[in-house]
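Here is how the chains run, residue by residue.
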Amino acid sequence: MESINTLKGYDKVSDQENQIHHHSPLPKPPSSSYRKTLIATVSVVSLLIILAVVALTTGAFTHSPSPPHHPPISSASLKTVCAVTRYPETCFDSLSSSLNESDSKLSPESILELSLRAASKEVSRLSLSFRSINDMPEDAAVGDCVKLYTDALSQLNESVSEIEKEKKKGGNWLTKEVVGDVKTWISAAMTDGDTCSDGIEEMGTVVGNEIKKEMEMANQMMSISLAIVSQMKKLLVILH
């Protein structure tokens, strides 16, 4: 009986606890205005984060480092030298495209050397072009032009070699003797070019427009070099 009463007592205690828990007030759910405020706050924060990420990403792709600073090329010196030639525009365009960024100061001597190298390059290209069409043994004019421009290239290379040899000695390398030698070699190279042109015209040889353009460019570049070396004394006074 005592055990039964004990169980009954346990049941009463359980009933009392259930009543207490049953009558305890439950927490109220958040109001609709609070939920709206919370959602709006989260939305604004999310939008700010997205905008920040987009800005950083865009900046990473659009920002480029500043280009390195290079000293300006002395185009004024080049224009002054080219002005003494018959083809100042061809002179300036051809030689300025061959300059290096390190050539911040140009002298008449360096421009002369530059023009000789440019002329040698054009004559070499022309010589190869004539070789490529020299497949008609009966057309003597083309064969003559191959020989003539090969000789012209040799004359121009001799001029460059002479200048390089004198420069290694140091001091004033552009002496009267060097100027005279260079003038002679360039003049001989130009004579080779004129002889080729005359032979083609006399024999009625048909050459392509591309070769005609190359011939004109080679002849102009040789004329430019000859004019520069011929006016060297005057240019040295103007630019030094």
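Remember, predicted model here, so these are calculated numbers, not experimental data.

Quick look at the packing of aromatic side chains now. Applying the stated criterion across every chain yields a total of one aromatic pair. The cationic tip of Lys79 hangs over the ring face of Phe92; the distance from NZ or CZ to the ring centre is 5.5 Å.

Looking now at the packing of helix α4 (residues 88–96) against helix α8 (residues 209–230). Contact geometry for α4 and α8: axes closest at 10 Å, N-to-C directions at 95 degrees. The orientation of α4 with respect to α8, classified from their angle, is roughly perpendicular. Across from Thr90, Cys91, Ser94 and Leu95 in α4, the residues of α8 making contact are Met217, Gln220, Met221 and Ile224. The residue inventory of the contact of α4 with α8, partitioned by class, reads five nonpolar, three polar and no charged.

Below, the discussion takes up the side chain of Glu109. Mapped onto the fold, Glu109 is located in helix α5 (residues 108–132). Summary of buried charges: Glu109 has no salt-bridge partner, and the nearest side chain of opposite charge, Lys167, is 9.5 Å away. In contact with Glu109, not counting residues within four places along its chain, are Trp173, Leu174, Met232, Leu236 and His240.

To continue, consider the side chain of Thr85. Relative to the helices and strands, Thr85 resides in the loop between α3 (75–82) and α4. Among the polar contacts made by the side chain of Thr85, one reaches the main-chain carbonyl oxygen of Cys82 at a distance of 2.7 Å. Of the polar contacts made by the side chain of Thr85, one reaches the backbone nitrogen of Tyr87; its length is 3.4 Å.

Applying the stated criterion to the full structure yields six salt bridges. Arg117 is paired through a salt bridge with Glu113; the nearest N and O atoms lie 3.1 Å apart. A residue pair is termed a helical-turn pair when its members lie 3 or 4 positions apart in one helix, as Arg117 and Glu113 do in helix α5 at four residues. Classification of Arg117 by relative accessible area gives partly exposed; the value is 39%. Glu113 gets classed as buried once you look at its relative accessible area, which sits at 11%.

What follows covers the state of the cysteines. Going through the model one piece at a time under the given rule, you end up with two disulfides. With its sulfur 2.0 Å from that of its partner, Cys82 forms a disulfide with Cys91. Between Cys82 and Cys91 the disulfide shows an S-S torsion of about -70 degrees. By sign, it is left-handed. Using a relative accessible area of 1% as the deciding quantity, one classes Cys82 as buried. With a sulfur-sulfur separation of 2.0 Å, Cys145 is cross-linked through a disulfide to Cys196. Around the S-S axis, the bridge from Cys145 to Cys196 shows a dihedral of about 100 degrees and counts as right-handed.

Parameters and conventions
- Residues numbered from 1 in each chain as written.
- Predicted model: local features only at pLDDT ≥ 70, side-chain atom pairs only at ≥ 80, totals over all residues.
- Heavy atoms only, no water.
- Phe/Tyr/Trp six-rings, centres within 6.5 Å; stacked < 30°, edge-to-face > 60°.
- Lys NZ or Arg CZ within 6 Å of the ring centre and 35° of its normal.
- Axes fitted to C-alpha atoms, helices over the stretch in contact; angles between N-to-C directions.
- Helix = DSSP H or I, 4+ residues; strand = E, 2+ residues; numbered from the N terminus.
- Parallel < 35°, antiparallel > 145°, perpendicular 65-115°, else oblique.
- Contact = heavy atoms within 4.5 Å.
- Nonpolar A, V, L, I, M, F, W, Y, C, P; charged D, E, K, R; others polar.
- Buried < 20%, exposed > 50% of the residue type's maximum accessible area, 1.4 Å probe, protein only.
- Lys, Arg positive; Asp, Glu negative; His and termini not counted.
- Salt bridge = Lys/Arg side-chain N within 4 Å of Asp/Glu carboxyl O.
- Polar contact = N/O pair within 3.5 Å; in protein donor to acceptor, adjacent residues only side chain to side chain.
- Disulfide = S-S within 2.5 Å.

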